[in-house]
Amino acid sequence: MNILAVESSCDETAVAIVRDGRQVLTDCIASQVALHRIYGGVVPEIASRMHIEAIYGLADQALERTGLRREQIDAVAVTYAPGLIGAVLVGVNFAKGVALAMGKPLIPVHHIRGHIAANYIAYPELEPPFLCLVVSGGHTMIVEVRDYTSMHVLGTTLDDAAGESFDKVARVLGMPYPGGAALDRAADGGEDTKYALPRSKPGANPYDMSFSGLKTAALNQIHHALQLGETLDIPSLCASFSAAVSDTLVPRVVRAMEETGCRKIAVAGGVAANSRIRRDILSAAEQMGAQVYLPPLSLCGDNAAMIGAQAYYEFLAGNTADMRLNAYATKSIVGERL
Ligand code: KG4
Ligand code: ZN
């Protein structure tokens, strides 16, 4: 089954064609990052306009690159939530138009379910059940993936997402948006114990977490050093910060493995590219005899291939939509039938 998948929830416009959920025939992406960088973050209005300009050409490019004719597309999938509402609406409307014109089923896909499904592309042997640490720019959660379309959230961040806190600290250090990857690179060779930073303690739900205190503590260290005229050891600050984020995430993942008995752990989302988190998850899993699934860096950030992968399983579960499909800025990953 060939699925034409559309992603436009934030600052990447993407169209992919994915066969049977696992084989990416093409993944075309137009990134707007350079444009938003001028403003230090995504400007929603600009993002929506850029999606409108890029989306049609990308769909044409996807067909051209695969040599497929329109009749050879079996369904159209689209991210319908969560994201910047104007941006998501562009993709949803485009996908509705294409599905209607071609007389093909329309498959709505939750963006975070898509991030999880990036692992199905990278690991053909991966099948639910497994645990997934989702760490993106807007979401941080530990999910029990019970089946392809059945998820249970063990815990989430109570405030900022991990990616958001990376970006904020990077921005104050003068790194260009989105600063997570730059902060990761800057941590290279730094001392991860040089700056004392807090770790979020388990609360009523031991899987829930918080990053806003950590972010504020890091910003205070930076401002304090500036006020005193001290030279900041940037590699060490970045290494200390990355270690604190990882120490917030990884012990909760270990606990989830212990309590559920599950020994398969996947990581998903843009922050899954972080070298410290990857390293720590690998070593924690090794100690527990667990199998780890880390998507290649190309599949960590936003792309449409992951939407096409998840769409296949949504289709098999009967989760299609009609022309009344709407877009949503927020929506639980647990989901309801549309
Ligand atoms: O999943 P994603 O592409 O977008 C959302 O759905 O939110 O995640 C983007 C986030 C940004 O905050 C970006 O700075 C972060 O992923 N990121 C990283 C790294 N690469 C990307 N954060 C830390 N270390 C990295 N290597
Ligand atoms: Zn994303």
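Residues numbered from 1 in each chain as written. Chains lettered and ligands numbered in written order. Predicted model: local features only at pLDDT ≥ 70, side-chain atom pairs only at ≥ 80, totals over all residues. Heavy atoms only, no water.

Visitor: I'm lost on the coordination of the zinc ion (ligand 2) in this one. Help?
Guide: Six octahedral donors around a metal ideally make angles of 90 or 180 degrees; four tetrahedral donors ideally make 109.5 degrees. Around the zinc ion (ligand 2), the protein contributes the donor atoms His111 (NE2), His115 (NE2) and Asp302 (OD), at 2.0 to 2.1 Å from the metal centre. Every donor counted, the four donor atoms about the zinc ion (ligand 2) form angles of 95 to 130 degrees at the centre, which fits tetrahedral coordination. (Donors = N, O, S within 2.8 Å, 3.2 Å for Na, K, Ca; no water. Tetrahedral: all angles 85-135°; square planar, octahedral: opposite > 155°, others 65-115°.)

Visitor: Before we go on, may I ask you to explain the site of ligand 1 in this structure?
Guide: Lining the immediate surroundings of ligand 1 are 19 residues, of which His115, Gly137, Asp167, Asp184 and Gly270 lie closest. A distance of 3.3 Å separates an oxygen atom of ligand 1 from a polar backbone atom of Asp302. Against a free-state accessible area of 560 Å², the protein chains account for coverage of 85% of ligand 1. Contributions of two or more residues to the shell around ligand 1 are made by helix H4 (111–122), helix H5 (162–172) and helix H6 (180–186). Here the residues of the shell around ligand 1 sort into five nonpolar, eleven polar and three charged. (Near = heavy atom within 4 Å. Polar contact = N/O pair within 3.5 Å; in protein donor to acceptor, adjacent residues only side chain to side chain. Areas by Shrake-Rupley, 256 points an atom, 1.4 Å probe, with all protein chains shown as cover. Helix = DSSP H or I, 4+ residues; strand = E, 2+ residues; numbered from the N terminus. Nonpolar A, V, L, I, M, F, W, Y, C, P; charged D, E, K, R; others polar.)

Visitor: I'm lost on the pairing of strand S3 (residues 23–31) in this one. Help?
Guide: Within a regular strand, side chains alternate between the sheet's two faces. Alignment of strand S2 (residues 12–19) against S3, held across eight bridges, turns out to be antiparallel. Looking at S3, one finds that Val18 is bridged to Val24. Count of turn residues in the S2/S3 antiparallel hairpin: three residues, of which Asp20 carries a positive phi of about 50 degrees. (Pairing = 2+ DSSP bridges.)

Visitor: Looking at this structure, how should I read the pairing of strand S8 (residues 150–156)?
Guide: Relative to S8, strand S7 (residues 140–147) is paired through six bridges, and the arrangement is antiparallel. The residue bridging Val143 from the neighbouring strand is Val153, located in S8. Hairpin connection from S7 to S8: two residues lie between these consecutive antiparallel strands.

Visitor: Help me understand helix H2 (residues 44–66) in this model?
Guide: Given 3.6 residues per turn, any residue in an α-helix points the same way as the ones three and four places further on. An ideal rise of 1.5 Å per residue puts 33 Å on 23 residues; H2 measures up with 32 Å between its terminal C-alpha atoms. Within H2, the axis deviates most sharply at Ala54, by approximately 35 degrees. Among all positions in H2, only Ala47, Ser48, His51, Ile55, Leu58, Ala59, Ala62 and Leu63 are buried. On its buried face, H2 sits against strand S1 (2–7), S2, S3, helix H1 (33–37) and helix H3 (85–102). Phi for Gly67, located one or two positions after H2, is positive at around 75 degrees. (Expected span 1.5 Å × (residues − 1). Bend = angle between axes of the 7 residues up to and from the residue. Buried < 20%, exposed > 50% of the residue type's maximum accessible area, 1.4 Å probe, protein only. Contact = heavy atoms within 4.5 Å.)

Visitor: Explanation requested: the sheet that holds strand S6 (residues 130–135) in the structure shown.
Guide: Hydrogen bonds along the backbone pair up the strands of a sheet, which may run parallel or antiparallel. Taken together, five strands build an open sheet; the order of strands is S8-S7-S6-S9-S10 and the sheet is mixed. The two strands at the open ends of the sheet, each matched to only one other strand, are S8 and strand S10 (291–293). Across this sheet, the average inter-strand angle for adjacent strands is 25 degrees, counted without regard to direction. (Axes fitted to C-alpha atoms, helices over the stretch in contact; angles between N-to-C directions.)

Visitor: Can you walk me through the nonpolar core in this structure?
Guide: Within soluble globular proteins, side chains that are nonpolar generally end up buried alongside one another. Counting residues in hydrophobic clusters, the biggest one holds 51 residues, and the most contacted among them are Leu133, Phe241 and Val245. Elements with a minimum of two residues in this core: S6, H5, H6, helix H7 (212–228), helix H8 (234–260), strand S9 (264–268) and helix H9 (275–288). If you tally residues by element for this core, the top one is H8, at twelve residues. Contacts of Val245, omitting those with residues within four sequence positions, involve Ala162, Phe166, Phe211, Leu214 and Ile277. Among the nonpolar cores identified, the runner-up in size contains 37 residues, and Val18, Ile121, Ala268 and Tyr313 belong to it. (Core = buried A, V, L, I, M, F, W, Y, C linked by side-chain atoms within 4.5 Å.)

Visitor: Teacher, can you tell me more about the pattern of salt bridges here?
Guide: It is possible for side chains of opposite charge to pair when their charged atoms get near one another. Under the definition given, this model contains twelve salt bridges. Measuring nitrogen to oxygen at the nearest pair gives 2.9 Å for the salt bridge that ties Arg69 to Glu71. The structure contains a network of salt bridges with shared partners spanning Asp192, Arg276 and Asp280. (Salt bridge = Lys/Arg side-chain N within 4 Å of Asp/Glu carboxyl O.)

Visitor: Is there a simple way to think about a nonpolar patch on the surface in this case?
Guide: Nonpolar side chains collect at one region of the surface, where Leu35, Ile38 and Tyr39 lie side by side and expose about 320 Å² of accessible area between them. A relative accessible area of 32% places Leu35 in the partly exposed class. (Patch = residues over 30% accessible without salt bridge, like charges linked within 9 Å, V, L, I, M, F, W, Y side chains within 5 Å.)

Visitor: Even after reading the chapter, I still don't get the sheet that holds S3, so can you show me in this structure?
Guide: The strand order across the open sheet formed by five strands is S3-S2-S1-S4-S5, and the pairing between neighbours is mixed. Here the strands that pair on one side only, and so sit at the sheet edges, are S3 and strand S5 (106–110). Across the sheet, the mean angle separating the axes of adjacent strands is 20 degrees when strand polarity is ignored. Sheet topology note: the S1/S2 ladder contains six bridges and is antiparallel. Counted as the bridge partner of Leu4 is Ile17 from S2. Its contacts with the sheet put H2 on S1, S2 and S3, and the angle it makes with S2 is roughly 25 degrees. In the packing of H4 onto the sheet, contacts are made with S1, S3, strand S4 (75–81) and S5, and the angle to S5 comes to roughly 95 degrees.

By themselves, these figures tell us nothing about what the structure is for.
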